[in-house]
Amino acid sequence: MNRVELRVDLARVTSNVEAVLARMAPADVLVVIKDDAYAQGVEPVVDAALRAGARWFGGIDLPSAVRAKRRAGERARVLCWMTVGGDEAEAGLREGLELGVGDADYLERVAEAAARVGAPARIHLKPDTGLHRNGVRPEQWPDFCARAAALERQGAVEVVGLWSHIAEASDEDDDAARAAFDRAERIAREHGLDPRVRHLAASAAAWHRPEFRYDMVRIGAFCYGIRSAEGPGIPGIAPSATLAARVVRVDGSGVLIGVGSLDGLPSAAGGRIRVATPAGPRLLERVDPFDSVVAAWPGAAIGDEVIVFGPGDRGEPTPTDVGEAIGTVGEEPLLRLTPLVPRVHSS
Ligand SMILES: *Cc1c(COP(=O)(O)O)cnc(C)c1O
């Protein structure tokens, strides 16, 4: 085994996605594969999600979305919600991606790109519903819809979706966002648009609040078994990724394991989490650049395996436990890992 590796249990990804699909039905589920599928590898994750029955993938960045589309081919629709500029839009369209559009100027760039490609761009329009991050403001929304409808009549675009994003910080804010979303839909329809795929919610709101599901939900965290920070466990879902490190030195002061802050293990985790050793959970005392110190146990030997985080089967913390220990979310311990940490997939 490597000094350190991130093991990805693809059967777990499949069962997580199955649990998500069952919970969200009849709404469709878009499996979010941004950030190299939450650091777990776009291609194997797409395969695992397809086995569960996923039919939609999506992400922020063009490269992850292109990789997902190439892997899934005609088996899935893929949405990229944050391409930048006409060139990226054109590249995405040539790959068969659907594009998020939350800006009037960008709508024109996408229509021009579609003309160069020679086929209508399938787009998902985004009204701003309160987050003030990339979305058309309410006062501009009617004109934006009128322009999209005109471009649709010309055959430049096909408005297939309507979407926005919510903060999931408070139910009140989310409810206000939902009301804004419904208003935006009414206005879009008044302008002759017929967005078939309406999607607003991510993992937490979609799981707990059915009224947020509309036609589709965009689920990242829960597909990888990452529960919300300070949130409850989710039945049927467990972390798919395990960070395992080998003991590289044993001396009087402690046991050194082969993962450090330069691999992306947050140094703030030192003194705050208990990792799983062959003798049971032990304090992770300190994170250094190249290695980390774990409280000694009797009989510790070079080559022993220590689980830093994982599903919890051996008493290790989950990614969200680690996130909570250092005051952040469960995605963070995964997304910080550098590409130099080998990913090892099993099914
Ligand atoms: C990341 C992301 C999601 C997925 O969020 P999770 O909480 O991980 O499920 C959904 N929608 C958008 C726009 C995102 O950027």
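The numbering scheme is per chain: residues are counted from 1 as the chain's sequence reads. A pLDDT threshold of at least 70 governs which residues receive local features in this predicted model, and a stricter bar of 80 or more applies before side-chain atom pairs are shown or counted, although totals over entire chains, interfaces and linings include all residues. Only hydrogens and water are set aside when side-chain values are computed; all heavy atoms of the structure are taken into account.

Caption draft 1: Highlighting helix α3 (residues 42-52). Residue burial is assigned from relative accessible area. The probe radius is 1.4 Å, only protein chains are included, and a residue is buried under 20% of its type maximum, exposed over 50%, and partly exposed in between. A run of DSSP states H or I qualifies as a helix once it reaches four residues; a run of E qualifies as a strand once it reaches two. Both are numbered from the N-terminal end. Across the 11 residues of α3, eight count as buried, placing the element largely inside the fold. Taken together, the buried positions of α3 are Val 42, Pro 44, Val 45, Val 46, Ala 48, Ala 49, Leu 50 and Ala 52. Should any heavy atoms of two residues lie within 4.5 Å, those residues are considered in contact. Turning to α3, the residues buried within the fold contact α1 (10-24), β2 (28-32), α2 (34-39), β3 (56-59), α4 (62-72) and β16 (343-346). Count one or two residues on from α3 and you reach Gly 53, which has phi positive near 110°.

Caption draft 2: Fine view of the pairing of strand β6 (residues 121-125). In terms of burial, β6 is a largely internal element, four of the five residues being buried. Crossover handedness for the path strand β5 (residues 98-101) to helix α6 (residues 104-117) to β6: right-handed. A pair of strands counts as paired when DSSP detects no fewer than two bridges linking them. Note: β6 against strand β7 (residues 157-163), five bridges, orientation parallel. When the sheet's bridge partners are listed, Arg 122 is paired in β7 with Glu 158. Crossover handedness is defined here as right-handed if the route from the first strand over the helix to the second strand goes clockwise, with the strands pointing away from the viewer. After leaving β6, the chain enters helix α7 (residues 141-153) and then returns to the sheet as β7, a path that is right-handed.

Caption draft 3: Region of interest: the packing of aromatic side chains. We call Phe, Tyr and Trp rings a pair once their centres come within 6.5 Å, taking the six-membered ring for Trp, and we label the pair stacked below 30 degrees between planes, edge-to-face above 60, and tilted otherwise. Overall, the coordinates contain five aromatic pairs when judged by the stated rule. Ring centres of Trp 81 and Trp 163 lie 5.9 Å apart, and the angle between their planes is 45°; on these two criteria the pair is classed as tilted. Of this pair, Trp 81 sits in the loop between β4 (77-80) and α5 (85-94) while Trp 163 sits in strand β7; the two residues are 82 residues apart in sequence, bridging distant segments of the chain. When sorted by exposure, Trp 81 lands in the same class as Trp 163, which is buried. A cation over an aromatic ring shows up here: Arg 178 above the ring of Phe 212, its NZ or CZ 4.9 Å from the ring centre. Put simply, a charge is over a ring when the Lys NZ or the Arg CZ is close to the ring centre, within 6 Å, and near the line of the ring normal, within 35 degrees. Its guanidinium or amino end placed over the ring of Trp 81, Arg 218 lies 5.8 Å from that ring's centre, counting from NZ or CZ.

Caption draft 4: Up close: the layout of surface pockets. Put simply, the largest pocket is a space of about 900 Å³. Here a cavity is any set of points on a 1 Å grid over the protein atoms alone where a 1.4 Å probe fits but cannot get out, and a pocket is any open set with protein on both sides within 12 Å along at least 5 of 7 lines; a residue lines the site when it has an atom within 4 Å of a point. The wall of the largest pocket is formed by 34 residues, among which His 165, Ile 166, Ala 167, Glu 168 and Ala 202 lie closest to the centre. Elements supplying a minimum of two residues to the lining of the largest pocket: α2, α8 (171-190) and α9 (203-208). Ranked by residue count, the leading element in the lining of the largest pocket is α9, at four residues. A class-by-class count of the residues in the lining of the largest pocket yields 16 nonpolar, seven polar and 11 charged. Among the domains, domain 1 (10-224) and domain 2 (241-346) are the pair contributing at least three residues each to the lining of the largest pocket. Grid points are joined across faces, edges and corners, and a volume is the space filled by probe spheres set on the points. Residue classes follow a fixed rule: Ala, Val, Leu, Ile, Met, Phe, Trp, Tyr, Cys and Pro count as nonpolar, while Asp, Glu, Lys and Arg count as charged, and any other residue, Gly among them, counts as polar. All domain edges in this entry derive from an automatic or database-based domain assignment.

Caption draft 5: View of the domain arrangement of the protein. Segmentation of the protein into domains returns domain 1 (10-224) and domain 2 (241-346). Between domain 1 and domain 2, the C-alpha centre-to-centre distance is 35 Å. In this assembly, 10 residues from domain 1 lie in contact with eight residues from domain 2. The quantity reported as buried area is the accessible area (1.4 Å probe) lost by two parts once they are put together, taken as the sum for both. Counting each side, the surface lost to burial between domain 1 and domain 2 is near 780 Å², with a carbon and sulfur contribution of 57%. The rule for a salt bridge is simple: a side-chain nitrogen of Lys or Arg has to be within 4 Å of a carboxyl oxygen of Asp or Glu. At the boundary of domain 1 and domain 2, one finds zero salt bridges. Under the rule applied, a polar contact is a pair of N or O atoms within 3.5 Å (in protein, one hydrogen donor and one hydrogen acceptor; residues adjacent in sequence only if both atoms are side-chain atoms). At the junction of domain 1 with domain 2, the criterion picks out three residue pairs in polar contact (both at pLDDT 80 or more). Across the side of domain 1 that touches domain 2, the residue classes tally to six nonpolar, two polar and two charged.

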